[in-house]
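Letter by letter, the chains look like this.
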Amino acid sequence: MMAAYQISILYRSIEHLELVLSLEASHQLQRTRSLNAPSPVPQFGPCGRIMKNSAMVITIQDPASQRLTWYKPPLTVLVIKKLRDVSVLQPFVQLVQWLIQEKRMVVFVEQSVMEDTLLMNNSEFGLIKEKLMTFRDGKDDLTDKIDFIICLGGDGTLLYASLLFQQSVPPVMAFHLGSLGFLTPFQFDNFEEQVTNVLEGHAALTLRSRLRCIIVRKNEETSHKPPTNLLVLNEVVVDRGPSPYLSNIDLFLDGKHITSVQGDGLIVSTPTGSTAYAVAAGASMIHPSVPAIMVTPICPHSLSFRPIVVPAGVELKALSFVVGYPVTVLYQGKSVEMLLLTVTTSVYPVPSICSQDQISDWFDSLAECLHWNVRKRQKHLDELSDLTHSSSNDTLDSLDHTDHIDS
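Along every chain, residues carry numbers that run from 1 in the direction the sequence is written. Only residues with pLDDT of at least 70 get local features here, since the model is predicted, and only at 80 or more are side-chain atom pairs given and counted; chain-wide, interface and lining totals rely on the full set of residues. To obtain the side-chain values, all non-hydrogen atoms of the structure were used and water was disregarded.

- Naming follows an unreviewed UniProt entry, where the chain appears as NAD(+) kinase of Nezara viridula.
- In its Sequence similarities (unreviewed entry) section, the UniProt entry covering the chain states "Belongs to the NAD kinase family." UniProt positions are given in the numbering used here, feature names are shortened, and annotations may be inferred rather than shown by experiment.

**Some points on the side chain of Thr-196**
Next, step 1: Here Thr-196 lies in helix 7 (residues 191-199).
Next, step 2: The contact partners of Thr-196, leaving out residues within four places of it in the chain, are Trp-98 and Lys-103. Every helix listed is a DSSP run of H or I at least four residues long, and every strand listed is a run of E at least two residues long, numbered separately from the N terminus. The criterion used for residue contact is that any of the two residues' heavy atoms lie within 4.5 Å.

**A look at helix 2 (residues 89-101)**
Next, step 1: Every helix has an expected span of 1.5 Å times one less than the residues it contains. With 13 residues, helix 2 should reach 18 Å at 1.5 Å per residue; the first-to-last C-alpha distance of 18 Å fits that figure.
Next, step 2: Only protein chains enter the area calculation, which uses a 1.4 Å probe; residues under 20% of their type maximum are buried, those over 50% are exposed, and those in between are partly exposed. Counting buried positions along helix 2 gives 10 out of 13 residues, so the element sits mostly inside the fold.
Next, step 3: Among all positions in helix 2, only Leu-89, Pro-91, Phe-92, Val-93, Leu-95, Val-96, Gln-97, Trp-98, Leu-99 and Ile-100 are buried.

**Quick word on unusual backbone geometry**
Next, step 1: One non-glycine residue, Arg-104, lies in the positive phi region at around 55°.
Next, step 2: Mapped onto the elements, Arg-104 comes out in the loop between helix 2 and strand 4 (106-110).
Next, step 3: Positioned with a positive phi, Asp-254 is a non-glycine residue whose angle comes to about 50°.
Next, step 4: Topologically, Asp-254 is positioned in the loop between strand 12 (247-253) and strand 13 (256-263).
Next, step 5: Judged by relative accessible area, Asp-254 falls into the partly exposed class, the value being 35%.

**Description of the pattern of salt bridges**
Next, step 1: Whenever Lys or Arg places a side-chain nitrogen within 4 Å of a carboxyl oxygen from Asp or Glu, that contact is recorded as a salt bridge. Per the stated rule, a full pass over the model turns up 5 salt bridges.
Next, step 2: Here Lys-82 and Asp-85 are joined by a salt bridge, their closest N and O atoms 3.7 Å apart.
Next, step 3: We classify Lys-82 as partly exposed; its relative accessible area is 27%.
Next, step 4: Residue Asp-85 is classed as buried on the basis of its relative accessible area, which comes to 17%.

**Some thoughts on the packing of aromatic side chains**
Next, step 1: Here a Phe, Tyr or Trp ring, Trp counted by its six-membered ring, pairs with any other such ring whose centre lies within 6.5 Å, and the pair is stacked when the planes are under 30 degrees apart, edge-to-face when over 60, and tilted otherwise. For the structure on display, the rule yields 8 aromatic pairs.
Next, step 2: Aromatic pair Trp-362 and Phe-363: ring centres 5.1 Å apart, planes at 80°, arrangement edge-to-face.
Next, step 3: With relative accessibility at 34%, the residue Phe-363 sits in the partly exposed group.
Next, step 4: For the pair Phe-363 and Trp-372, a centre-to-centre distance of 5.7 Å together with 50° between the ring planes defines the contact as tilted.
Next, step 5: Members of the aromatic cluster, each reached through a chain of ring pairs, are Trp-98, Phe-175, Phe-186, Phe-188 and Phe-191.

Okay, structure coming up:
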């Protein structure tokens, strides 16, 4: 009976691998190599070296030396503000007014901003409203139109800005005017000085890698409709959805079957997304400059299934074979039914502008937002020795007093 079960499992894996290959052939899914992954040292020892390969990625730059430079002064700026938040309205008006009048820049905003009833009653906004350029998400293409992005809000505002650009992303400066603010290092108090420094090229950058996700939906494997292709900054999640049963997902790495996931689902995240859903599911926190992809199971049906980190240049595939209930893919707040998911590191990172530098910004965010390693400091040894010495004296005095009474 056990041998028959193992044979059926083997046949099922072979069938799924054949399905993966057929889907790749039908949709011609091209693999994306990461520009942020490190290239090995080509020479080692007197004779050995790496074989030359056209698929090799470029050598990564020292993260500490990643600083912003402009080939020419930036002219256009996209300002994205948190929606339905009264506290952001006045900073938004101040910033836009300053950019237009003082910096002589062309300011783009979303069309929904112009339709905000709260802004309609603002007299200062009325003076600059006609000078703003607008766009609609999903209809207007911003590629090659924006030099610089400023976000006013929380982490969700930066994630939304990333979704607007599915190829090259302009440098992003994020002000903390939201709830958590893990990805928004700037305070708005002295925005004029901070924005001026950035426009003059005095700023460090963190290149936040994104995932290139190709989703073949259910019933699309036999149709001619192209698969969903998008870039995400945080993570993509394979979830069992409304099913009361465990999800069953075959996981492939560079075409090799690695394991089958049985549990509530799977999280595939960037280093930036490691501090979001992944860390809540028990994963480690990875600095955004590390070229890697994190794979984290959600409530796995195995105590030994721990989160893993794989190189950024690999290609990961997740193939669902749940019968009766569709497996869903969640990304940036959206959900679709999935049959096959292909994930690689995109060649288009998000250049996030640092308030100080890569290290200081990240660890400040860990301490302030996640309270990482926040605890009361242990007393110094000299303080402990004083307490011990004091306690010893008290004991000796007590003994002396007792002896005196006894005598």
